Amino acid sequence: MKLGTHNLGTSPLARTTMVKVEEHQLTLTAFTPSGMKSVTISAEQAELLKDVLS
């Protein structure tokens, strides 16, 4: 995925999910009816997650 902010769309749990890709980290933000929830993972963790999800 290219560096920058990308809209991943909606899901049953979130109105909008955004991902911000930076050189050394990835931040996922979900906008839910109860507020905003965000998690940041390192590039290394993102690579491990990519392997698990493929």
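Residues numbered from 1 in each chain as written. Predicted model: local features only at pLDDT ≥ 70, side-chain atom pairs only at ≥ 80, totals over all residues. Heavy atoms only, no water.

**Student:** Is there a simple way to think about the overall build of the protein in this case?
**Tutor:** The helix and strand tally for the protein stands at one helix and four strands. In terms of overall dimensions, the protein has C-alpha extents of about 30 × 20 × 15 Å along its principal axes. Looking at the 54 residues of the protein, the share that counts as buried comes to 19%. Sequence separation of 24 or more characterises 0% of the internal contacts of the protein that already satisfy a separation of 6 or more. Entry remark: accessible area of the protein is about 4300 Å², with carbon and sulfur atoms responsible for 60%. When the 5 basic and 5 acidic side-chain charges of the protein are each reduced to a single mean position, those positions are 15 Å apart. (Helix = DSSP H or I, 4+ residues; strand = E, 2+ residues; numbered from the N terminus. Buried < 20%, exposed > 50% of the residue type's maximum accessible area, 1.4 Å probe, protein only. Contact = heavy atoms within 4.5 Å. Areas by Shrake-Rupley, 256 points an atom, 1.4 Å probe, with all protein chains shown as cover. Lys, Arg positive; Asp, Glu negative; His and termini not counted. Charge placed at Lys NZ, Arg CZ, Asp CG, Glu CD.)

**Student:** Would you mind showing me how to read the sheet that holds strand 3 (residues 25–32) here?
**Tutor:** Think of a sheet as strands paired side by side through backbone hydrogen bonds, with each pair either parallel or antiparallel. Taken in spatial order, the four strands make up an open sheet running 1-2-3-4, and their pairing is antiparallel. Where the open sheet ends on each side, the last strands, each with one partner, are strand 1 (4–11) and strand 4 (35–42). Ignoring which end each strand starts from, the neighbouring axes of this sheet average 15 degrees apart. In terms of strand pairing, strand 3 meets strand 4 through eight bridges, oriented antiparallel. (Pairing = 2+ DSSP bridges. Axes fitted to C-alpha atoms, helices over the stretch in contact; angles between N-to-C directions.)

**Student:** Looking at this model, I keep getting lost on the environment of Ser34. Mind explaining?
**Tutor:** Its place among the elements puts Ser34 in the loop between strand 3 and strand 4. The exposed category is assigned to Ser34, whose relative accessible area is 63%. Linking Ser34 and Ala14, residues 20 residues apart in sequence, is a C-alpha distance of 9.5 Å.

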